[in-house]
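Each chain, letter by letter, is given below.
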Amino acid sequence: MAGWGRELLSPAALLVVAQLVWAPDPYGEECRSKTYPPSGPTFKGNVPTYIINLDLPPSKRWDNLMHDKKTELKTVVQNIKDIANTFFPSGKVVDIVDNKIARLTATLPYPFNEELQGIANSSGIPLGEIVIFNIFYEIFTVCTSIVAEDKTGKLYHARNLDFGLFLGWDVKNNSWTLTRELKPLVVNLDFQRNNKTVFKSTNFAGYIGMVSGVKPDLFTLTMNERFSLDGGYVGIFEWFLGRRDGMWMGFLTRTVLENATSYQDAKDKLAKTRLLAPAYFILGGKNSGEGCVITRSRTATLDIWDLDIKKGTWYVLETNYDHWKPPLILDNRRTPAMKCLNQTMQENISLPTIYDVLSTKPVLNKLTVCTTLMEVYNGHTETYLRECPDPCSPW
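Here we summarise the structure given alongside this text.

Rules of the game
- Residues numbered from 1 in each chain as written.
- Predicted model: local features only at pLDDT ≥ 70, side-chain atom pairs only at ≥ 80, totals over all residues.
- Heavy atoms only, no water.
- Helix = DSSP H or I, 4+ residues; strand = E, 2+ residues; numbered from the N terminus.
- Rg over C-alpha atoms; globule rule 2.2 N^0.38 Å.
- Buried < 20%, exposed > 50% of the residue type's maximum accessible area, 1.4 Å probe, protein only.
- Contact = heavy atoms within 4.5 Å.
- Pairing = 2+ DSSP bridges.
- Axes fitted to C-alpha atoms, helices over the stretch in contact; angles between N-to-C directions.
- Parallel < 35°, antiparallel > 145°, perpendicular 65-115°, else oblique.
- Nonpolar A, V, L, I, M, F, W, Y, C, P; charged D, E, K, R; others polar.
- Salt bridge = Lys/Arg side-chain N within 4 Å of Asp/Glu carboxyl O.
- Polar contact = N/O pair within 3.5 Å; in protein donor to acceptor, adjacent residues only side chain to side chain.
- Phe/Tyr/Trp six-rings, centres within 6.5 Å; stacked < 30°, edge-to-face > 60°.
- Expected span 1.5 Å × (residues − 1).
- Bend = angle between axes of the 7 residues up to and from the residue.

### Remarks on the overall build of the protein chain
On a plain count of helices and strands, the protein chain comes out with 12 helices and 16 strands. Here the C-alpha radius of gyration of the protein chain, 21 Å, is about what a compact globule of 395 residues would show, namely 21 Å. Its C-alpha atoms give the protein chain principal-axis dimensions of about 60 × 60 × 40 Å. In the protein chain, which comprises 395 residues, the share counted as buried stands at 55%. Partitioning the intrachain contacts of the protein chain with sequence separation of at least 6 by distance along the chain shows that 68% fall at a separation of at least 24.

This is the structure we're talking about:
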């Protein structure tokens, strides 16, 4: 049997691998241009803005948002339960979520534990299901983030938020079910204290962590999942078993957006805090050269890739793979994105031209929920719902 296995990996297998590596991407296309302002078949709509009042008790902060979005949130949560019941038809998984996981909310740090309870109360969704909805973002985000600096030293930060991988394929509509159902939940949030903006973010209603945000005139931040064997499942399992010295990624990014006082302060906190899941933190500042990708394991920083204008590094780009390693052959969004950025050139970089990059397939794909564009100056944020017309890569 051993000899037979080795023969299988000889000429025929090598030919298949070579074809995968060298064949043109069937879903790829030439770099898009003039797609901004958004319109046409890749533009699905604008996103509403809500104020989150940090002066309110944590259990009341999300009431207005939940009043408007509870129906859409119930649809997504039911979809997640249906997927769980497909794999575990006994219903025991949902029973565990509704009962045992709800009790773990008390182990989460303040104010997040009280905010989750408040969302459950105002939406009418069981607390355990709200917790699971938040956990999903620790392990199922597949994104593209860019920080770029123009010739004048101005910084831009943008991302495609891709979500829903392997969470229900709709054969009839040729789309990911959860990706489609999440789009009505996308909101821009303005977190205020004393009627003044502390930070802004793009979120899914019901999720209290942060995946994209800006602290006006200080820094911008996005978070991408990092695929690793020592992944989010391990950290979450440890949390359930009682080891709670790691921080949830979304809670860390929100804490940084709320409390960090500078780009360097944010960078230090993101690099040094123990996590439940490995991650990429993509950080932009307000001064020339302030932009980086922080590659994290759960316990350590593995690499910090900084902008370096003098050496020709005028942008940093992160998908879901370590930048010093090749991406997965079947999920290479990095190469076409870099090609389009290089083709754009630094002297032409702007939020509209970055939107072009993020509108080019397969950077834009069936998982893409929305595109967010940010400038640190005055906390400028734009978010647009997306659609990827066929032919389009499933991821």
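There is more to say, and it comes next.
### Considerations on the sheet that holds strand E8 (residues 196-204)
Strand order in the open sheet made by the eight strands is E2-E7-E8-E9-E10-E11-E12-E13, with mixed pairing throughout. Every other strand in the sheet has two partners, leaving strand E2 (49-53) and strand E13 (301-306) as the edge strands with one partner each. For this sheet, the mean inter-axis angle between neighbouring strands, taken without regard to orientation, is 20 degrees. Pairing geometry for E2 and strand E7 (residues 186-193), over five bridges, is parallel. By the bridge assignment, Ile52 is partnered in E7 with Phe191. Across the sheet, helix H3 (residues 63-87) lies against E2 and E7, angled at about 145 degrees from E2, the strand it touches most.

### A short note on the packing of H3 against helix H6 (residues 127-135)
In the contact formed by H3 and H6, the axes pass within 11 Å of each other and the chain directions differ by 80 degrees. With respect to H6, the axis of H3 lies roughly perpendicular. Along its contact with H3, which presents Leu73, Val76, Val77, Ile80 and Lys81, the element H6 presents Glu129, Ile130, Ile132 and Phe133. Looking at side-chain class alone, the contact of H3 with H6 contains seven nonpolar, no polar and two charged residues.

### Some remarks on the pattern of salt bridges
Here the structure, examined in full by the defined rule, presents 15 salt bridges. With its nearest N and O atoms 2.6 Å apart, the salt bridge here joins Asp265 to Lys269. Highlighted residues: Asp265 and Lys269, both in helix H10 (residues 263-272), separated by four residues, approximately one helical turn. Here Lys269 falls in the partly exposed class, since its relative accessible area comes to 30%. Overlapping salt bridges bring together Lys44, Lys183 and Glu387 as one network.

### Regarding the side chain of Ser145
Within the secondary structure, Ser145 sits in strand E3 (residues 144-149). The class of Ser145 is buried, set by a relative accessible area of 0%. Looking at Ser145, its side chain comes within polar contact range of the side chain of Asn224, at 3.0 Å. Ignoring anything within four residues of it in the chain, the contact list for Ser145 reads Ala158, Arg159, Thr222, Asn224, Ile282, Val316, Leu317 and Glu318.

### Re the pairing of E3
The side chains of a regular strand alternate between both faces of the sheet. Within E3, six of the six residues are buried, leaving the element largely enclosed by the surrounding structure. When E3 meets strand E4 (residues 155-162), the two strands line up antiparallel, connected through six bridges. Across the sheet, Thr144 pairs through a bridge with Asn160, a residue of E4. The antiparallel pairing of E3 with E4 creates a hairpin that spans five residues between the two strands, and Gly153 there sits at a positive phi of about 90 degrees. In this structure, E3 lies alongside strand E14 (residues 315-318), joined through four bridges in antiparallel fashion. Across the sheet, the residue bridging to Val147 is Val316, located in E14.

### So, the packing of aromatic side chains
Scanning the entire structure with this criterion turns up 11 aromatic pairs. Aromatic pair Tyr36 and Tyr355: ring centres 5.8 Å apart, planes at 70 degrees, arrangement edge-to-face. Taken together, the positions of Tyr36 in the loop between helix H2 (11-22) and strand E1 (43-46) and Tyr355 in helix H12 (residues 351-358) put the pair 319 residues apart, joining distant regions of the chain. On the basis of relative accessible area, Tyr36 is assigned to the partly exposed category, the value being 27%.

### Details of helix H4 (residues 92-104)
The end-to-end C-alpha distance of H4 is 17 Å, a good match for the 18 Å that 13 residues give at a rise of 1.5 Å each. Along H4, the sharpest change in direction is near 30 degrees and occurs at Asp98. Turning to H4, its buried residues number three or more, namely Val94, Val97, Ile101, Ala102 and Leu104.

Any functional reading would require information beyond the geometric quantities listed.
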